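Each chain, letter by letter, is given below.
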Amino acid sequence: MSDTAKAERPFIPVGIAVLTVSDSRTLETDTSGAFLASRIEEAGHLLRDRQIVTDDAAKIRELVVQWSKDPAIDVVITTGGTGFTGRDVTPDALEPVFDKRMDGFSVIFHQQSYAKIGTSTIQSRATAGLINQTFVFVLPGSGGACRDAWDGILAQQLDYRHRPCNFVEIMPRLDEHLKRKS
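- Looking at an unreviewed UniProt entry, one finds the chain named Molybdenum cofactor biosynthesis protein B and attributed to Pseudochrobactrum saccharolyticum.
- Within the UniProt record for the chain, the comment given under Pathway (unreviewed entry) is "Cofactor biosynthesis; molybdopterin biosynthesis."
- Quoted straight from UniProt, the Function (unreviewed entry) entry for the chain says "May be involved in the biosynthesis of molybdopterin."

Next comes the structure, spelled out in structure tokens:
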């Protein structure tokens, strides 16, 4: 986007929470979560929370749903647990509670990833959707995957100045179906 186009609209920061799903990482060793937190703050958004939970579907779902009910959090980004091993349960935990799926996210994510790692991208079940009018993006745990998702998709879609459209401009309308009169 040109600087002129960006100048026409103000930047609107959104509240974002980051969840790393891992049995082995800590906040000190979690490079993917740290990368996302850094990019979020560098972009001018508000990092509302950052936590790590183990590969436990109930714990993942509980925290993400809790965050989705917090009016200060507009977006949740998870990293980790999207593969095919027995412990990879993040999509399984969250997709059943999506109010709406965002199939296009997975498509674009895999295009970004394919350009860098080729067919190995099929080993990721990256997904996204809405839970309680909160955008939820489920990313693989690798730093490269987080970089692909943030730099190639989320940085633009979470920037109100991005045209022709972006997630920020539709946030006020995500709950319009709840406001309709009978």
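**Brief notes about helix α3 (residues 57-68)**
- A rise of 1.5 Å per residue sets the reference length of α3, with its 12 residues, at 16 Å; its end C-alpha atoms lie 16 Å apart and thus fit the reference within 8%.
- Along α3, the residues classified as buried are Ile60, Leu63, Val64, Val65, Trp67 and Ser68.
- Where the residues of α3 are buried, they touch β1 (15-21), β2 (46-53), β3 (75-79), α4 (90-94), β5 (127-131) and β6 (134-139).
- The N-capping residue of α3, defined by a side-chain oxygen 3.0 Å from the backbone nitrogen of Ala58, is Asp56.

**Quick word on the environment of Val76**
- Mapping Val76 onto the fold places it in strand β3.
- A sequence separation of 57 residues divides Val76 from Leu19, and the C-alpha atoms of the two residues are 7.5 Å apart.
- Beyond its immediate stretch of four places on either side in the chain, Val76 contacts Ala17, Val64, Trp67, Thr134, Phe135, Val136 and Phe137.

**Re the sheet that holds β5**
- Here 6 strands make up an open sheet; going across it, the order is β2-β1-β3-β6-β5-β4 and the pairing mixed. Of all the strands in the sheet, the pair left with one neighbour each is β2 and β4 (100-101).
- In the sheet, β4 pairs with β5 via 2 bridges, with the strands oriented antiparallel. For Arg101, the partnering residue across the bridge sits in β5 and is Gly129.
- The sheet strands contacting α3 are β1, β2, β3, β5 and β6, and the helix crosses β1 at an angle near 175°.

**Focus: the packing of aromatic side chains**
- One pass over the full model with this rule turns up 5 aromatic pairs.
- Ring centres of Phe105 and Phe109 lie 6.3 Å apart, and the angle between their planes is 20°; on these two criteria the pair is classed as stacked. With Phe105 and Phe109 both in helix α5 (residues 103-117) and 4 residues apart, the pair spans about one turn of that helix.
- Residue Phe105 is classed as buried on the basis of its relative accessible area of 4%.
- Plain terms: the ring middles of Phe105 and Phe137 are 5.2 Å apart, the flat faces sit at 55° to each other, and that makes the pair tilted. Of the two residues, Phe105 sits in helix α5 while Phe137 sits in strand β6, which places them 32 residues apart along the sequence.
- With relative accessibility at 0%, the residue Phe137 sits in the buried group.
- When the ring centre of Tyr160 is taken as origin, the NZ or CZ atom of Arg9, which lies over that ring, is 4.0 Å away.

Rules behind the numbers
- Residues numbered from 1 in each chain as written.
- Predicted model: local features only at pLDDT ≥ 70, side-chain atom pairs only at ≥ 80, totals over all residues.
- Heavy atoms only, no water.
- UniProt positions renumbered as here; feature names shortened; annotations may be inferred.
- Helix = DSSP H or I, 4+ residues; strand = E, 2+ residues; numbered from the N terminus.
- Expected span 1.5 Å × (residues − 1).
- Buried < 20%, exposed > 50% of the residue type's maximum accessible area, 1.4 Å probe, protein only.
- Contact = heavy atoms within 4.5 Å.
- Polar contact = N/O pair within 3.5 Å; in protein donor to acceptor, adjacent residues only side chain to side chain.
- Pairing = 2+ DSSP bridges.
- Axes fitted to C-alpha atoms, helices over the stretch in contact; angles between N-to-C directions.
- Phe/Tyr/Trp six-rings, centres within 6.5 Å; stacked < 30°, edge-to-face > 60°.
- Lys NZ or Arg CZ within 6 Å of the ring centre and 35° of its normal.

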